[in-house]
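Per-entry structural report
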Amino acid sequence: MKHKNTSSSSLIQADWQAPKHIRAFVTGKNNNKENLLNDFPVQWLEQVHGSEVYQLSSYKVASTPQADAIYTRLPEIVCGINTADCLPAFFTDIKGTEIAIAHAGWRGLAAGILENTVKCFQAPADQILVWFGPAIGPCHFEVGEEVREIFLDAASEHN
């Protein structure tokens, strides 16, 4: 899917077919994310480059969960992750009653973070929309043979 810059301040908003009340965006490092998100509560994660999905079921969470994706059915909440080189993946069902966001680095991708996120949804897979935000590309990052082998091993386990 494509994206659009909404201003010169490096705010990228998803251009996808999600219901109007569902918004996904990525800020540049110079944006003050707290000012952008002050209308709704935000649930952040302590990301660990794994495959764990935190299922948010309450507006009051005692501590910052350790996980690389967050899923919820709670209305009027923002789920937030931090990325640098890793891929942010935004999910919603076509009705907009379920949302998730995943922090998908190569370790999390190989471990199944995207698949684990989809498994949290009650909606059938064909009713889930996903928008992939910006991430590092091959012109700036090269993986070694050991990373390739990890993905090949993970693919053979799924077949």
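Cut-offs and rules
Residue numbers here run from 1 along each chain, matching the order of that chain's written sequence. A pLDDT threshold of at least 70 governs which residues receive local features in this predicted model, and a stricter bar of 80 or more applies before side-chain atom pairs are shown or counted, although totals over entire chains, interfaces and linings include all residues. Each side-chain value is worked out from all heavy atoms of the structure, with water and hydrogens disregarded. Exposure above 30% relative accessible area and the lack of any salt bridge qualify a residue for a patch; like charges then connect within 9 Å, and the nonpolar side chains Val, Leu, Ile, Met, Phe, Trp and Tyr within 5 Å. We get accessible surface area from the Shrake-Rupley algorithm with a probe of 1.4 Å; when it comes to residues, only the shown protein chains can shield them. Here, a salt bridge means any side-chain nitrogen of Lys or Arg that lies within 4 Å of a carboxyl oxygen of Asp or Glu. Numbering of helices and strands starts at the N terminus; helices are DSSP runs of H or I of at least 4 residues and strands are runs of E of at least 2. When accessible area is computed with a 1.4 Å probe and restricted to protein chains, residues below 20% of their type maximum are described as buried, those above 50% as exposed, and intermediate ones as partly exposed. Working note: the arc is built from the helix axis to C-beta atom directions. A contact between two residues is defined here by any heavy atoms of the two lying within 4.5 Å. Strand pairing is assigned whenever DSSP detects at least two bridges linking the two strands. Helix axes are fitted only over the stretch in contact, all axes being lines through C-alpha atoms; the angle between N-to-C directions runs from 0 to 180 degrees. Counted as a polar contact is a pair of N or O atoms within 3.5 Å, where, for protein atoms, one must be capable of donating a hydrogen and the other of accepting one, and residues adjacent in sequence contribute only when both atoms are in side chains. In summary, the pairing rule links any two rings of Phe, Tyr or Trp, Trp by its six-membered ring, whose centres are within 6.5 Å, and it sorts them by plane angle into stacked for under 30 degrees, edge-to-face for over 60 and tilted for everything else. For our purposes a nonpolar core is just a set of buried Ala, Val, Leu, Ile, Met, Phe, Trp, Tyr and Cys residues, chained together by side-chain atoms within 4.5 Å.

A word on a nonpolar patch on the surface
- A grouping of Ile 136, Phe 141 and Val 143 is seen on the molecular surface, where their side chains present a nonpolar patch of about 220 Å² in accessible area.
- Relative to the helices and strands, Phe 141 is located in the loop between strand 10 (128-132) and helix 4 (145-158).

Examining helix 3 (residues 113-120)
- Taken together, the buried positions of helix 3 are Ile 113, Leu 114, Thr 117 and Cys 120. Looking straight down helix 3, one finds its buried side chains confined to an arc of 115°; they lie on one side.
- Elements that come into contact with the buried residues of helix 3 comprise strand 5 (53-56), strand 6 (69-72), strand 8 (87-93), strand 9 (99-104), helix 2 (106-111) and strand 10.

Points about the sheet that holds strand 5
- Here five strands make up an open sheet; going across it, the order is 5-6-9-8-10 and the pairing mixed. Only two strands of the sheet have a single neighbouring strand rather than two, namely strand 5 and strand 10. The average angle at which neighbouring strand axes cross in this sheet is 15°, direction not considered.
- As paired strands, strand 5 and strand 6 are joined by four bridges and run parallel to one another.

Things to note about the side chain of His 103
- Among the secondary structure elements, His 103 is positioned in strand 9.
- Within the structure, the side chain of His 103 is placed 3.5 Å from the side chain of Gln 47, a separation counted as a polar contact.
- At 2.6 Å, the side chain of His 103 forms a polar contact with the side chain of Asp 68.
- Setting aside residues no more than four positions away along its own chain, His 103 makes contact with Gln 47, His 49, Asp 68, Ile 81, Asn 82, Thr 83, Cys 86, Leu 87 and Ile 113.

Comments concerning the packing of aromatic side chains
- Under the counting rule described, the total for this entry stands at three aromatic pairs.
- For the ring pair Tyr 71 and Phe 121, a centre distance of 5.2 Å and an interplane angle of 70° mean the geometry is edge-to-face. Here Tyr 71 is found in strand 6, whereas its partner Phe 121 is found in the loop between helix 3 and strand 10, with 50 residues between them in sequence. Both residues of the pair, Tyr 71 and Phe 121, count as buried.

Some words on unusual backbone geometry
- Not every positive phi belongs to a glycine, and His 49 is a case in point at roughly 60°.
- Position of His 49 among the secondary structure elements: in the loop between strand 4 (42-43) and strand 5.
- Although it is not a glycine, Glu 76 sits at a positive phi angle of roughly 55°.
- Checked against the element boundaries, Glu 76 lands in the loop between strand 6 and strand 7 (78-79).
- Residue Glu 76 is classed as exposed on the basis of its relative accessible area of 61%.

Focus: the nonpolar core
- Within the largest apolar cluster, 20 residues are counted, with the highest numbers of intra-cluster contacts made by Trp 16, Ala 24, Ile 70, Phe 90, Ile 101 and Trp 131.
- Of all the secondary-structure elements, those providing two or more residues to this core are strand 2 (11-14), strand 9 and strand 10.
- Contacts of Phe 90, omitting those with residues within four sequence positions, involve Trp 16, Ala 24, Phe 25, Val 26, Ala 100, Ile 101, Leu 129, Val 130 and Trp 131.
- Listed in part, the 15 residues of the second largest apolar core include Ala 89, Ala 100, Ala 102 and Ala 123.

Any link to function would need more than the numbers given here.
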